[in-house]
Structures are given as C-alpha cells and as structure tokens.
Amino acid sequence: MIVLVHGWSFTPAVWDGVRACLPANLPVTAVDLGFYGTPSALPPIEEIRLAVGHSYGVMWLLRQLPPSVPLLSVNGFARFCSGDGQSGGTPVRMVERMISRLGNDPMGVLDSFRARCGVTTRENAPPDSAALTAGLRALADDDQRSALRTRQTVRALACADDEIAPATLSLETFPPEQLTLLPAGGHLLPLSQPARVAEAIQSMVR
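I will try to describe carefully the structure that is included in this document. (Residues numbered from 1 in each chain as written. Predicted model: local features only at pLDDT ≥ 70, side-chain atom pairs only at ≥ 80, totals over all residues. Heavy atoms only, no water.)

Some thoughts on the overall build of the protein
So the rule is basically this: Secondary structure elements follow DSSP: runs of H or I of four or more residues count as helices, runs of E of two or more count as strands, with numbering from the N terminus. Using C-alpha atoms as the atom set, the radius of gyration is obtained and then compared with a globule rule of 2.2 Å times the number of residues to the power 0.38. Only protein chains enter the accessibility calculation, which uses a 1.4 Å probe. A residue is then buried if its area is under 20% of the maximum for its type, exposed if over 50%, and partly exposed in between. Computed with the Shrake-Rupley method and a 1.4 Å probe, the accessible areas treat only the protein chains shown as cover for residues. A positive count includes Lys and Arg, and a negative count includes Asp and Glu. His and the chain ends are not counted in either. Taken as the charge location is NZ of Lys, CZ of Arg, CG of Asp or CD of Glu.
Summing up its helical and strand segments, the protein has 9 helices and 6 strands in all. In summary, the protein has a C-alpha radius of gyration of 16 Å against a globular reference of 17 Å for 206 residues, a match within 12%. Projected onto the principal axes, the alpha-carbon positions of the protein cover approximately 45 × 40 × 30 Å. By residue count, 51% of the 206 residues in the protein fall in the buried class. When the accessible surface of the protein is totalled, it reaches about 9,100 Å², and 51% of it is carbon and sulfur. For the protein, the separation between the mean place of its 17 positive charges and that of its 19 negative charges on side chains is 2 Å.

Quick look at the pairing of strand S3 (residues 50–54)
Here is the rule: For two strands to be treated as a pair, DSSP must find no fewer than two bridges joining them. Convention used here: a crossover is right-handed provided that the path from the first strand, over the helix, to the second strand proceeds clockwise when the strands point away from the viewer.
Of all the 5 residues making up S3, 5 are buried; the element is thus mostly covered by neighbouring parts of the structure. Side-chain alternation along S3 places Leu50, Val52 and His54 on one buried face and Ala51 and Gly53 on a second face that is also buried. As paired strands, strand S1 (residues 2–5) and S3 are joined by 4 bridges and run parallel to one another. Bridge assignment links valine 3 to a residue of S3, and that residue is alanine 51. Once the chain exits S3 it traverses helix H2 (residues 56–64) before rejoining the sheet at strand S4 (residues 71–74), and the crossover so formed is right-handed.

Notes on the pattern of salt bridges
Quick reminder of the rule: Think of a salt bridge as a Lys or Arg side-chain nitrogen and an Asp or Glu carboxyl oxygen that are within 4 Å of each other.
Under the counting rule described, the total for this entry stands at 9 salt bridges. As a salt-bridge pair, glutamate 96 and arginine 137 come within 2.4 Å of each other at their nearest N and O atoms. Residue glutamate 96 is found in helix H3 (residues 92–102), and its partner arginine 137 is found in helix H5 (residues 129–141); the two are separated by 41 residues along the sequence. For arginine 137, a relative accessible area of 31% corresponds to the partly exposed category. Among the salt bridges present, the one from arginine 137 reaches aspartate 141, with a minimum N-O distance of 2.8 Å. Of this pair, arginine 137 and aspartate 141 both sit in helix H5, separated by 4 residues, roughly a single helical turn.

Regarding the pairing of S4
Every second residue of S4 is oriented toward a common face, with Leu71 and Ser73 on one face and Leu72 and Val74 on the other, all of them buried. Relative to S4, S3 runs parallel, the two sharing 4 bridges. If you follow histidine 54 over to S4, its bridge partner there is valine 74. Where S4 meets strand S5 (residues 154–159), 4 bridges bridge the pair, whose relative direction is parallel. Looking at S5, one finds that leucine 72 is bridged to arginine 155.

Here's the deal with the nonpolar core
Short version of the rule: We call a set of buried residues a nonpolar core when its members are Ala, Val, Leu, Ile, Met, Phe, Trp, Tyr or Cys and they connect through side-chain atoms within 4.5 Å of each other. The contact definition used throughout considers only heavy atoms, calling two residues in contact when any of these lie within 4.5 Å.
Counting 70 residues, the largest nonpolar core has Ile2, Trp8, Val52, Tyr56, Leu139 and Ile201 as the members making the most contacts within it. The leading source of residues in this core is H2, at 6 residues. Once residues within four sequence positions are removed from consideration, tryptophan 8 is found in contact with Phe35, Tyr56, Met98, Val109, Leu110, Phe113, Leu132, Gly135, Leu136 and Leu139.

Some points on empty space enclosed by the protein
Stated precisely, the cut-off is as follows: Throughout, the protein atoms alone are placed on a 1 Å grid, and a set of points is a cavity if a 1.4 Å probe fits but cannot get out or a pocket if it is open with protein on both sides within 12 Å along at least five of seven lines; lining residues have an atom within 4 Å of a point. Grid points are joined across faces, edges and corners, and a volume is the space filled by probe spheres set on the points.
Per the counting criterion, the structure on display carries 1 cavity of 30 Å³ or more. Taken as a whole, the largest cavity holds about 70 Å³ of empty space. Lining the largest cavity, in full, are Phe80, Thr90, Met94, Val95, Met98, Phe113, Arg116, Leu136 and Leu139. Residue assignment for the lining of the largest cavity shows that the elements contributing at least two residues are H3, helix H4 (106–117) and H5.

Some remarks on H3
Using the following cut-off: The arc under discussion is defined with respect to the helix axis, by the directions toward the C-beta atoms.
Looking only at H3, the buried set comprises Val95, Met98, Ile99 and Leu102. Along H3, the residues classed as buried sweep out an arc of 100° about the axis, all on the same side. Of the exposed residues in H3, the ones pointing more than 90 degrees away from its buried face are Arg93 and Ser100. Packed against the buried residues of H3 are H4 and H5.

Structure below.
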C-alpha cells in the first residue's frame, strides 16, 4: 500500500493528479488530516509499502511511522521553523501570528497562505479551526530531525523556487544522496508536476 498525506490547509484532493499518473494496479490510499472535516486513519503499518508526504505531511508521517517504513518527501521538512541549529526555516513569530489570526479570520489566514503556495481556490467544506490550529502549533514547535536521521530509506523532492519550504531548508534537511532539487515547481509539486512525483513514487516502489 502506498500512503499519501497532504500538507497544512489542504485535503487529499491535492494528490488527484499524482494518482492519475500511477498504474491502476498500484494500491494507493490518501489520508485526510481533517482540516475540513473528519480525519481518516493510517492503514495498518505492516501494510504500508511506502509513505509519501507533502509539506507538513512529511513531519506528520515522521511522528506516526517506525523507521523501517520508506519515506518520500515532497516539498517537505522535518522541522519547519528556524532555530536550534536550523537557519533555513520560517521564523516562529510568523507561525505564531497565523495562529493568533486564525480564530478571528480563518479564511483570511487560509487565503493568504494558499496564495503563497500558488493557489487561489478554496476548499468546498468549511475549515476546522481546531485542526488547523493544531497543525500550525506543530509547524511552530515540532522537530522530527532525529526521526528523519534514523529512517532507513528516504528520498526527497524539493524546488528551488519554493517560497514555503525554501531550497536552503531542503539542503539543511536532506543529505545530497537523498535530495532531488528541481529548478521550478513551487511548493505544490503534486499539482505543478504530478507526473514527476508519480515517477519518484514508482522508482521507490521498484
């Protein structure tokens, strides 16, 4: 089973283009983190052949899965914010500002963040402020770098023009033998280059 996990403020639909590029006989499931409705659970760990995370989804997977499960990071990271020996991340104060605004203006926060990602559309369902706040809290505080270092098989796709997880963060997070840094594609490779993401998935499966 290939498990796909989306990033903060998105839904499993972000993977639709990638799934369309994968062979029909490859078992794939997309986990819903519940930012716009009821969350879904991971399948049993023994059934997971490859875990694929986008952005915050990578950090989420690092918390959930043992080191034996192979991981593909797409625009991902193990720690989002700068500090504690990491210089390429986002300042914590920016995430704290998003958290403080989310209660009063959730759509404004979502629209602003998603525009930085390169999309101007909204999800069809209303946002779950509690789930979104918990996600932002994790982005501000969580550090999964030690979990990443102990993972047995890791590959990463990142972009030089990513405004959310910049190339400096990717280069700090992943050693050269794990990282493929693309010249363009932004922060939403599952949308901008679905065939490239699907190719990376199939390569790891093989």
